[in-house]
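Commentary on secondary and tertiary structure
Here is what each chain is made of, one letter per residue.
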Amino acid sequence: MTKKAATGTEKTQRAGRNEKAAPAKKSAPAKKSAPAKKSAPVKKAAAANVKQPAAAKKSASARKTAPARKSASAKKTVPVKKQAPAKKPVVAPKKAAAAVEGVAPAKTVAAQPPRGESRTALVRRARRIDRELAEVYPYAHPELDFENPFQLVVATVLSAQTTDLRVNQTTPALFAKYPTPEDLAAANPEEVEEILRPTGFFRAKTKSVIGLSKVLAEDFGGEVPGRLEDLVKLPGVGRKTAFVVLGNAFGRPGITVDTHFQRLVRRWRWTEATDPDKIEAAVGALFPKSDWTDLSHHVIWHGRRICHARKPACGACPVAPLCPAYGEGETDPEKAEKLLKYEKGGFPGQRLNPPRSYLEAGGKPAPPLGAG
């Protein structure tokens, strides 16, 4: 009995040990479960996610700083490009440029038109300037006194290297003594020289007016021709003189390229040409042919009264917003107004016998020679 009992007790103890050992073996795999192994990558991913914002911030800041550096450099370079044209000489007489050394460069730069102005924009700007001047000078006219084509062609030849006023003060005595081409052709050169002495270069001018009178009397029956090709054959008559005669005596359009016209169209950058024929062609292409004669009057009047060669009255200029050369002259309105000449400044005009429209607009006739 004792051995069997002992044997049974041993079996039960072994069975209990086996039951305890079995769960222990199953628990071991539980510790090595798949979720436990996958948790490690999650932590790494989380850590990676934590580090990524820092990198993203660095890349974002790098992206922000890069354009900032570019914009900063761009801001630095832009003024240099804009200031460059101010350093270049403006297309104007040297004396005029010297007179504006005290003008702030910013004003000159601000008035510069955009580089690469298109052809269409140039045409629009040029025509707008002409319209503005037409409103300021609705009574613009040739400032030489004349009663017929012969007087006009002679007066225009005499106007070289002098003022229209001085010619107008001289021609009354000339035409009173020699009223026709035949009379002047047969005149004594010494007597003509004495009359023309106040105009300067009187010997050369005497030779020209007597010479053209002979051609008119011999080749054209004492009449001034109405064609350009015939007018330029007369002694002392070039394209400028011919267009003055054609436009004002015959009503045929023409552009008068005198010193005032040349100066202003270059200041306005209608053309950079300096040859009168090239200026005539360039400006003529900007306007209808029907506008050429009045355009010449508007530009010349503006050049004599406001846009002077040495010191333009920029502060009193009606086309200042359209002018690339604004700032070459006096920009203060009060000081600029003191620079105005002729009727705009309260002074007489160039003609002794101006048109009625000019007198009705407040213009004053010029005094005769010797009247003080």
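One structure accompanies this document, and this report is about it. Given the structure is predicted, the values throughout are model-derived calculations rather than measurements. (Residues numbered from 1 in each chain as written. Predicted model: local features only at pLDDT ≥ 70, side-chain atom pairs only at ≥ 80, totals over all residues. Heavy atoms only, no water.)

Some details on the overall build of the chain
- Secondary structure summary: the chain contains 17 helices and zero strands in total.
- Scored against the burial criterion, the 372 residues of the chain give a buried share of 38%.
- In the chain, of all internal contacts separated by at least 6 residues, the share reaching a separation of at least 24 is 62%. (Helix = DSSP H or I, 4+ residues; strand = E, 2+ residues; numbered from the N terminus. Buried < 20%, exposed > 50% of the residue type's maximum accessible area, 1.4 Å probe, protein only. Contact = heavy atoms within 4.5 Å.)

Topic: helix H10 (residues 202–219)
- Taking 1.5 Å per residue as the helical rise, H10 with its 18 residues ought to reach 26 Å, and the 25 Å between its terminal C-alpha atoms agrees with that figure.
- Listed in full, the buried residues belonging to H10 are Phe 202, Lys 205, Thr 206, Ser 208, Val 209, Ile 210, Gly 211, Leu 212, Ser 213 and Leu 216.
- In the core, the buried residues of H10 are packed alongside helix H6 (149–158), helix H8 (181–185) and helix H9 (189–196). (Expected span 1.5 Å × (residues − 1).)

Observations concerning the pattern of salt bridges
- In total, this model carries 13 salt bridges according to the counting rule given.
- One salt bridge connects Lys 177 with Glu 191, and the closest N-O pair in it is separated by 3.1 Å. Of this pair, Lys 177 sits in helix H7 (residues 164–177) while Glu 191 is found in helix H9, placing the two residues 14 residues apart along the sequence.
- Relative accessible area serves as the criterion here: at 35%, Glu 191 is assigned to the partly exposed category.
- Here Glu 328 ties to Arg 267 by a salt bridge, and the two come within 3.5 Å at their closest N and O atoms. Note that Glu 328 is positioned in the loop between helix H15 (292–305) and helix H16 (333–337) and Arg 267 in helix H13 (residues 259–267), a separation of 61 residues in sequence. (Salt bridge = Lys/Arg side-chain N within 4 Å of Asp/Glu carboxyl O.)

With respect to the packing of aromatic side chains
- The full count for this structure, using the stated rule, is seven aromatic pairs.
- Seen from their ring centres, Trp 270 and Phe 287 are 5.3 Å apart, and the 55° between their planes marks the pair as tilted. Residue Trp 270 is found in the loop between H13 and helix H14 (276–284), and its partner Phe 287 is found in the loop between H14 and H15; the two are separated by 17 residues along the sequence. Per residue, the accessibility class of Trp 270 equals that of Phe 287, and both read buried.
- Aromatic pair Trp 301 and Tyr 358: ring centres 5.7 Å apart, planes at 80°, arrangement edge-to-face. With Trp 301 in helix H15 and Tyr 358 in helix H17 (residues 356–360), the pair connects residues that are 57 residues apart, well separated along the chain.
- Each member of the aromatic cluster is reached from another via a ring pair, and the members are Tyr 137, Tyr 139, Trp 301 and Tyr 358.
- Positioned over the ring face of Phe 202 is Arg 197, at 4.4 Å from the centre of the ring.
- Seen from the ring of Trp 301, Arg 305 lies directly overhead, with NZ or CZ sitting 3.7 Å from the centre. (Phe/Tyr/Trp six-rings, centres within 6.5 Å; stacked < 30°, edge-to-face > 60°. Lys NZ or Arg CZ within 6 Å of the ring centre and 35° of its normal.)

A word on the environment of Gly 254
- Structurally, the position occupied by Gly 254 is in the loop between helix H12 (239–249) and H13.
- Separated by 10 residues in sequence, Gly 254 and Val 244 have C-alpha atoms that sit 7.1 Å apart.
- Here Gly 254 is in contact with Phe 243, Trp 292, Thr 293 and Ser 296, once residues within four sequence places are set aside.

As for helix H5 (residues 119–136)
- In this model, H5 (18 residues) spans 26 Å end to end at C-alpha, consistent with the 26 Å of a helix rising 1.5 Å per residue.
- Among all positions in H5, only Leu 122, Val 123, Arg 125, Ala 126, Ile 129, Asp 130 and Leu 133 are buried. Each buried residue of H5 sits inside an arc of 170° when the element is viewed along its axis, so together they form one side. Across H5 from its buried face, at more than 90 degrees, point the exposed residues Arg 124, Arg 131 and Glu 135.
- Against H15 lie the buried residues of H5. (Arc of directions from axis to C-beta.)

Let's talk about unusual backbone geometry
- You will see that Arg 269, though not glycine, has its phi angle at about 60°, which is positive.
- Note on placement: Arg 269 falls in the loop between H13 and H14.
- Unusually for a residue other than glycine, Tyr 342 sits at a positive phi of about 60°.
- Along the chain, the position of Tyr 342 falls in the loop between H16 and H17.

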